[in-house]
Amino acid sequence: VFPKVRNICCIGAGYVGGPTCAVLAWKCPDIKVTICDLSQPRIDAWNSDTLPIFEPGLSEIVFEARGRNLFFTTDVDNAIAEADLIFVSVNTPTKTSGVGAGVAADLCYVEAATRRIAALSRKGAIIVEKSTVPCRTAESMRQILSATSPQEGAVFEILSNPEFLAEGTAVEDLLDPARILIGALDTPRGQLAQRRLVEVYANWVAPKNILTTSLWSSELSKLAANALLAQRVSSINAIAAICEATGSNVFEVSNACGLDPRIGSQFLKAGLGFGGSCFQKDIFNLIYLSTSLNLPEVAEYWAQVLKMNEWTKSRFTRGVVKKMFSTITRKTIVCAGYAFKKDTGDIREAPAINVARDLMEDGACLRIYDPKVTAESIHESLKGFTYIDWATASAAGPWDLPQAGTYTICPSLDAALVNASALLFVTDWSEFKGLDLEWWTATHAKMTKPAMVFDGRDILNTAECAHLRKIGFGVEKTGVGH
Ligand code: NAD
Ligand code: UGA
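Residues numbered from 1 in each chain as written. Chains lettered and ligands numbered in written order. Predicted model: local features only at pLDDT ≥ 70, side-chain atom pairs only at ≥ 80, totals over all residues. Heavy atoms only, no water.

Within an unreviewed UniProt entry, the label attached to the protein chain reads UDP-glucose 6-dehydrogenase, and the organism entered is Pseudomicrostroma glucosiphilum. The record in UniProt for the protein chain states the following under Pathway (unreviewed entry): "Nucleotide-sugar biosynthesis; UDP-alpha-D-glucuronate biosynthesis; UDP-alpha-D-glucuronate from UDP-alpha-D-glucose: step 1/1." As stated in UniProt under Catalytic activity (unreviewed entry), the record for the protein chain gives "UDP-alpha-D-glucose + 2 NAD(+) + H2O = UDP-alpha-D-glucuronate + 2 NADH + 3 H(+)". (UniProt positions renumbered as here; feature names shortened; annotations may be inferred.)

In structure tokens, the structure reads:
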């Protein structure tokens, strides 16, 4: 029924569809891979020298495979019609209105894509859920496909193949995945379709790392994995608050705990809280699922992970205001980093947005520097606040800006720090790490005194904190009491 896969279509050219299928094309030169999207600017960017997303190592892969067996197009219909395997990699954001607003996943993009597949796909095409979806979405897709396909007695095989890549390390994660998960129905057709997708991944992934499960386990595993990761971050952030109050150091505590192999050392870094497009959305998804299954205690348990994250973000800002003599009105504060983590230009749910908004509401004149985030996305995230361009802001002396609660985008960290009262590390960019003593001394000299450093991303080690204090800085590091 299902021929060997020779032609793949990926619907959705975003952070997942783009890198995932670019790597697939690169590793499987015999398979034609077409990544399609409704957004013309996005596809144009994929076809240009400047890709629409920044991921270390991605452009080299795209440039090598593009035009050979990798294609980007807005001709979604044709891409679907040609394919024998179709990845659905569209966005599944949290609903903003209607039933389940604020918690349930908005499946309108999945449904729209499914309807196009029903209308146009060739007989025997395998459909693969790549998007993160609520449990049993494959069943809804199957019903839509069967009910709307023009093919007589059409039966569609749907697989679940959730993506576990993290932004900033997408290419390494894709080239050497901890596991590939493929869920299928336990029917002969389901198993055969599953085998076809296993064969594709087997081109570069070791068989022991390709896991096959039932469809529903696979869908739920994706939500569970993200919930468990986020839960670890909230747990360590809860411990961080205790550390600050007791004069202990959360990085020593997490190291001590993480060395126990039953706990493990990863994902125990305390800081500003988690951001990114998925953790919050997927936990909301789990909360909605639990509530609809009449499991209120389970829903409440996961809700607490999100509550702790919100509290962590606002606790950081409250700490800044408190240490700056309880007023930051018209004080120049530098936000070093804006992305939700290093090595990405993505700011979806970035803690920096909360910090920036809260500080501006308190009257700060904010200077933002990030090596990858575009000015356009910063503006989009700070709608309603007053923007002052760099030429105007840098010409003004300390306290000279006419208006409190404004922001400026700066060309470099060095430039941003002139006359600033505080430096906040908000993203863990490598370029902020290991700045030498000379740099710090010169920085102290050009800042307004008392100059403060707030480290929300474990940029400074203990020795550096001590050096900075010796220079004259006030230093506060999240999770470290003193
Ligand atoms: P994204 O918003 O970056 O990309 C989705 C793309 O799909 C958009 O470009 C949009 O224009 C396109 N699209 C929507 N409907 C379409 C349609 N009917 N036809 C053609 N194109 C259509 O989203 P993303 O970050 O790539 O996430 C996609 C899915 O993958 C989500 O379910 C997300 O939860 C999941 N996921 C994301 C990550 C991540 O790191 N971002 C990791 C794992 C899983
Ligand atoms: C996360 C998961 O790690 C991926 O496996 C998953 O595929 C993806 O979500 C998804 O479904 O979208 P991502 O959000 O890209 O990936 O990045 P992470 O490295 O998980 O970081 C998320 C946030 O948690 C960042 O803001 C990061 O700074 C924060 N974090 C992470 C911590 O505060 N402490 C840690 O120890 C780890």
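> Could you give an account of the overall build of the protein chain, with specific residues and numbers?
For the protein chain, the count of helices and strands is 18 helices and 15 strands. Taken over the C-alpha trace, the protein chain has a radius of gyration of 24 Å; the compact-globule value for 482 residues is 23 Å, and the two agree within 12%. With respect to the principal axes defined by its C-alpha atoms, the protein chain has extents near 75 × 45 × 45 Å. Buried residues in the protein chain amount to 52% of all 482 residues. Considering only residue pairs separated by 6 or more positions, the protein chain has 75% of its internal contacts joining residues 24 or more positions apart. Of the accessible surface of the protein chain, which amounts to about 20600 Å², a share of 55% is contributed by carbon and sulfur atoms. The protein chain carries 47 positive and 52 negative side-chain charges, and their two centres are separated by 3 Å. (Helix = DSSP H or I, 4+ residues; strand = E, 2+ residues; numbered from the N terminus. Rg over C-alpha atoms; globule rule 2.2 N^0.38 Å. Buried < 20%, exposed > 50% of the residue type's maximum accessible area, 1.4 Å probe, protein only. Contact = heavy atoms within 4.5 Å. Areas by Shrake-Rupley, 256 points an atom, 1.4 Å probe, with all protein chains shown as cover. Lys, Arg positive; Asp, Glu negative; His and termini not counted. Charge placed at Lys NZ, Arg CZ, Asp CG, Glu CD.)

> Give me the lowdown on the packing of helix α5 (residues 108-120) against helix α6 (residues 137-148), citing residues and values where you can.
Any two packed helices are characterised by the angle at which their axes cross and by the distance between the axes. Between α5 and α6, the shortest axis-to-axis distance is 9 Å and the interhelical angle comes to 40°. Crossing hand, α5 versus α6: right-handed. Facing V110, E111, T114, R115, I117 and A118 of α5, the residues of α6 in contact are T137, M141, I144, L145 and T148. Looking at side-chain class alone, the contact of α5 with α6 contains six nonpolar, three polar and two charged residues. (Axes fitted to C-alpha atoms, helices over the stretch in contact; angles between N-to-C directions. Left-handed = near helix turned anticlockwise from the far one by under 90°. Nonpolar A, V, L, I, M, F, W, Y, C, P; charged D, E, K, R; others polar.)

> Tell me what's going on with the site of ligand 2, and back it up with residues and numbers.
As a structural note, the neighbourhood of ligand 2 is formed by 19 residues, with F164, L165, E167, K222 and C278 the closest of them. Note that an oxygen atom of ligand 2 is positioned 2.8 Å from one of the backbone N or O atoms of K269. In this structure, an oxygen atom belonging to ligand 2 sits 2.9 Å away from a main-chain N or O atom of G275. A total of 700 Å² of accessible area belongs to ligand 2 in isolation, and the protein chains cover 88% of it. (Near = heavy atom within 4 Å. Polar contact = N/O pair within 3.5 Å; in protein donor to acceptor, adjacent residues only side chain to side chain.)

> Tell me about the site of ligand 1, and please be specific about residues and values.
Taken together, 24 residues are adjacent to ligand 1, and D37, R42, T92, E167 and K281 come closest. Measuring from an oxygen atom of ligand 1, one finds a backbone N or O atom of V16 at 2.9 Å. The separation between an oxygen atom of ligand 1 and a polar side-chain atom of R348 is 3.0 Å. Protein coverage of the free-state accessible area of ligand 1, which is 840 Å², stands at 91%. Here the residues of the shell around ligand 1 sort into nine nonpolar, eight polar and seven charged.

> Give a detailed account of helix α8 (residues 188-201), specifying residues and quantitative values.
The end-to-end C-alpha distance of α8 is 20 Å, a good match for the 20 Å that 14 residues give at a rise of 1.5 Å each. Taken together, the buried positions of α8 are G190, L192, A193, Q194, R196, L197, V200 and Y201. (Expected span 1.5 Å × (residues − 1).)

> Could you give an account of the layout of surface pockets, naming the residues involved and the relevant values?
Estimates place the volume of the second largest pocket at around 400 Å³. Around the second largest pocket, the lining comprises 17 residues; the ones closest to its centre are E244, R315, G319, K323 and E476. When residues of the lining of the second largest pocket are traced back to their parent elements, those giving at least two are α12 (296-323) and β15 (474-477). Residues that form the lining of the second largest pocket fall into these classes: four nonpolar, six polar and seven charged. (1 Å grid on protein atoms, 1.4 Å probe; cavity = no way out; pocket = protein on both sides within 12 Å on 5 of 7 lines; lining within 4 Å. Points joined across faces, edges and corners; volume = space filled by probe spheres on them.)

> If you had to explain the pairing of strand β10 (residues 365-369) to someone new, which residues and values would you point to?
In terms of residue burial, β10 counts as a mostly covered element, since five of its five residues are buried. Taken together, the five bridges between strand β9 (residues 332-336) and β10 define a ladder with parallel strand orientation. Of the residues in β10, the one forming a bridge with V334 is R367. Of the crossover connections in this fold, the one passing from β9 over helix α13 (residues 351-361) to the parallel β10 is right-handed. Where β10 and strand β12 (residues 406-409) come together, four bridges link them in parallel fashion. Bridge pairing links I368 to I409 in β12. (Pairing = 2+ DSSP bridges. Right-handed = clockwise from strand over helix to strand, strands pointing away.)

> Just give me the short version of the sheet that holds strand β14 (residues 452-455), but keep the residues and values in it.
Within a sheet, neighbouring strands are paired by backbone hydrogen bonds and run either parallel or antiparallel to one another. Reading across the sheet, the seven strands line up as β11-β12-β10-β9-β13-β14-β15 and stay open at both edges, with parallel pairing between neighbours. Of all the strands in the sheet, just β11 (386-387) and β15 have a single pairing partner and so form its edges. Of the strands in this sheet, β9, β10, β12 and β13 (422-425) are in contact with α13, which crosses β10 at around 160°.

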